[in-house]
Amino acid sequence: MSPERSEQVIIDTHHTTVHTLGREHEGRRLRYMQKDGKFPVVFQKAPGEWSPYLMDIFTTLVEIRWRVMFLIFSLSYIISWLLFGLCYWLIAHINGDDDNVDNEPCVANVRGFTGAFMFSMETQATIGYGFRVMTENCMVAIIVLTVQNIFSCLLDTFIIGIAVAKMASARKRAQTVGFSRCAVVNQRDGVLCLSWRLGDLRGNHILEGVAKAQLVHYVKQPLGSIMMSYQDLDIQDRDIVLATPATIVHKLEPGSPLYSLGPDDLLEDTFELVVSFTYTGDSTGMLHQTRTSYMPADIRWGQRFQDMLKVGKKRYKVDYALFNETTWVPLPLLSAEEIDRGRRPVEGSQSRCPRTPSGQRNGHTCQMNPNTTEEVMHQTFL
């Protein structure tokens with residue numbers, strides 16, 4: 001077996017072991033944040049702790065599921081019809097409308113509870129069939145009718161406002177602004193960098209936004225409790241114009257929490273990289289946020305994102321089919337700290353890629369073109 005072939009086998013075996021152990025390690029761990037930006041957190045509340053939700057009932061109804069909201073709104077209408085119908089029936093019963101047909105009724109053609117309920121529904125829904133009408137004989141009935149009309153306007157306004165707020169929720173817009181499924185580590189201008197990709201799928205582009213990243217560590221205590229620690233990561237060019245997909249870059253320099261972390265250390269570390277992009281929607285003017293997280297198993301060492309932006313005759317062309325695609329680049333299996341100290345990789349492990357012109361590795365193209373070792377951030381500033 002030739003030395004080059006032997007080196008390729010060693011590297012492939014190491015790469016397969018790294019990703020296999022990483023997936024197993026990730027499966028044993030509970031994510032701090034899921035890939036869709038949701039937190040798997042359940043609050044255990046003491047009895048009587050629901051008052052904040054009732055005090056801010058508008059926000060509570062906006063955040064609940066659609067089916068629960070429709071159930072609550074349907075019940076609110078039905079219960080209000082029943083309550084006001086009961087009031088009309090009591091007024092008719094006290095006035096004797098259900099016993100004496102010749103008596104001057106408070107509400108014409110309301111002789112029982114069924115007629116009172118139908119009159120209540122017709123009044124609140126402003127149907128107005130004209131068969132059951134309010135008369136001038138009972139002032140109490142007129143007052144109840146006035147109160148019901150005012151209550152109906154308030155209830156309709158409340159329901160319409162919540163429905164509009166739910167449809168214009170920032171979470172819906174955030175689903176069209178996404179991060180790449182993985183993060184990559186490569187060299188940019190001779191500096192080891194951790195980067196991930198951000199893109200907007202809608203045509204109305206986001207012209208102003210801020211990207212942030214935070215490293216979350218959690219350590220289990222002897223008694224079963226968990227201690228959380230948070231560290232902010234410095235991002236190069238955090239203010240982003242997202243007219244075209246952008247690559248968010250964090251340099252692994254002294255002072256970075258990941259400065260001393262190598263590819264093998266990713267298997268043993270328990271951090272989680274939480275990233276977010278906060279921006280204002282161009283169509284609605286509302287503030288939105290898209291977020292995701294990367295576990296150590298989601299970080300690919302010695303890879304770069306494939307180019308997805310091309311220049312046409314009249315416009316720029318973006319191929320979103322390559323949004324999550326990566327390509328191998330030669331990179332030492334050393335941490336940024338070890339590289340800065342001037343250490344060199346041992347013979348047979350200088351890079352992840354073999355010394356062949358190209359190869360297929362784990363579904364990604366491995367290219368050894370030296371011109372592709374540097375990744376370019378593609379942005380168009382309008």
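Source: prediction; values computed, not measured.

What counts as what
Residues numbered from 1 in each chain as written. Predicted model: local features only at pLDDT ≥ 70, side-chain atom pairs only at ≥ 80, totals over all residues. Heavy atoms only, no water. Helix = DSSP H or I, 4+ residues; strand = E, 2+ residues; numbered from the N terminus. Buried < 20%, exposed > 50% of the residue type's maximum accessible area, 1.4 Å probe, protein only. Contact = heavy atoms within 4.5 Å. Areas by Shrake-Rupley, 256 points an atom, 1.4 Å probe, with all protein chains shown as cover. Phe/Tyr/Trp six-rings, centres within 6.5 Å; stacked < 30°, edge-to-face > 60°. Lys NZ or Arg CZ within 6 Å of the ring centre and 35° of its normal. Salt bridge = Lys/Arg side-chain N within 4 Å of Asp/Glu carboxyl O. Expected span 1.5 Å × (residues − 1). Disulfide = S-S within 2.5 Å. Axes fitted to C-alpha atoms, helices over the stretch in contact; angles between N-to-C directions. Parallel < 35°, antiparallel > 145°, perpendicular 65-115°, else oblique. Nonpolar A, V, L, I, M, F, W, Y, C, P; charged D, E, K, R; others polar. Core = buried A, V, L, I, M, F, W, Y, C linked by side-chain atoms within 4.5 Å. Patch = residues over 30% accessible without salt bridge, like charges linked within 9 Å, V, L, I, M, F, W, Y side chains within 5 Å. Polar contact = N/O pair within 3.5 Å; in protein donor to acceptor, adjacent residues only side chain to side chain.

Moving on, we get to the overall build of the chain. Scanning the chain from terminus to terminus reveals eight helices and 16 strands. When the 382 residues of the chain are sorted by exposure, 40% land in the buried category. Of the contacts formed within the chain by residues at least 6 apart in sequence, a portion of 68% connects residues at least 24 apart. Carbon and sulfur atoms make up 58% of the accessible area of the chain, which totals about 22,100 Å².

A complete count under the given rule lists eight aromatic pairs for this structure. Taken together, a centroid distance of 6.1 Å and an interplanar angle of 40° make the contact between Tyr77 and Trp81 tilted. Taken as a pair, Tyr77 and Trp81 lie in helix α4 (residues 66–95) at a separation of four residues, close to a single helical turn. In this structure Trp81 comes out as buried when scored by relative accessible area, which is 18%. Between Tyr320 and Phe323, the aromatic rings sit 5.7 Å apart at their centres with planes inclined by 35°, giving tilted as the arrangement. Residue class for Phe323 comes out buried when judged on its relative accessible area of 7%. Lying over the aromatic face of Trp66, Lys166 brings its terminal NZ or CZ to 5.1 Å of the ring centre.

So, on to the pattern of salt bridges. Counting across every chain of the model gives three salt bridges. Note that Glu337 and Arg341 form a salt bridge whose closest N and O atoms lie 2.8 Å from each other. Residue classification places Glu337 among the partly exposed positions, given a relative accessible area of 23%.

This part covers helix α6 (residues 139–167). Relative to the 42 Å expected for 29 residues at 1.5 Å per residue, α6 spans 43 Å between its end C-alpha atoms, a close match to the ideal helical length. Within α6, the full set of buried residues consists of Ala141, Val144, Leu145, Gln148, Ser152, Leu155, Ile159, Ile162 and Lys166.

Further remarks concern the state of the cysteines. Scanning the model with the defined rule gives one disulfide in all. The disulfide partner of Cys106 is Cys138, and the S-S distance across this bridge is 1.6 Å. Across the disulfide from Cys106 to Cys138, rotation about the S-S bond amounts to roughly -50°, and the bridge is consequently left-handed. Residue Cys106 is found in the loop between α4 and α5 (113–124), and its partner Cys138 is found in the loop between α5 and α6; the two are separated by 32 residues along the sequence. Accessibility assignment for this pair places Cys106 and Cys138 in one class, buried.

Quick look at the packing of α4 against α6 now. For the pair α4 and α6, interaxial distance at closest approach is 11 Å and the crossing angle is 175°. The orientation of α4 with respect to α6, classified from their angle, is roughly antiparallel. Tallied by class, residues from the contact of α4 with α6 come to 19 nonpolar, three polar and two charged.

This next bit is on the nonpolar core. Grouped together as the largest cluster of nonpolar side chains are 33 residues, with contacts concentrated most on Leu194, Trp196, Leu273 and Phe277. Residue assignment for this core shows that the elements contributing at least two residues are β1 (177–179), β2 (183–188), β3 (191–200), β4 (206–220), β6 (239–242), β7 (246–251), β8 (271–280) and β10 (299–301). The element best represented in this core is β8, accounting for five residues. In contact with Leu194, not counting residues within four places along its chain, are Ala183, Val184, Val185, Ile248, Val249, His250, Leu252, Leu258, Leu273 and Ile299. Counting 12 residues, the second largest nonpolar core, distinct from the first, contains Val107, Val110, Phe119 and Cys138.

What follows is about unusual backbone geometry. Despite not being glycine, Asn109 has its phi angle at roughly 65°, a positive value. Its location among the elements puts Asn109 in the loop between α4 and α5. Note on Asn109: relative accessible area 34%, which makes it partly exposed. Of note, Asp189 is a non-glycine position whose phi angle comes to about 55°, a positive value.

Before going further, it helps to spend a moment on α4. Compared with an ideal rise of 1.5 Å per residue, which puts 30 residues at 44 Å, α4 spans 43 Å between its outermost C-alpha atoms and is within 8% of the ideal. All of the buried residues in α4 are Met69, Phe73, Ser80, Trp81, Phe84, Gly85, Tyr88, Ile91 and Ala92. Two residues or fewer past α4, Gly96 is found with a positive phi of approximately 80°.

Moving on: a nonpolar patch on the surface. A cluster of nonpolar residues, Ile78, Leu82, Leu86, Leu90, Ile94 and Phe113, forms a patch on the protein surface that exposes about 530 Å² of accessible area. In terms of residues, the nonpolar patch owes the most to one element, α4, which gives five residues. With respect to the helices and strands, the residue Phe113 is situated in helix α5. Since its relative accessible area comes to 35%, Phe113 is described here as partly exposed.

Moving on, we get to the environment of Arg291. In this structure, Arg291 sits in strand β9 (residues 287–294). Of note is the side chain of Arg291, whose polar atom sits 2.9 Å from the side chain of Gln289.

Shape descriptors only; they carry no functional weight alone.
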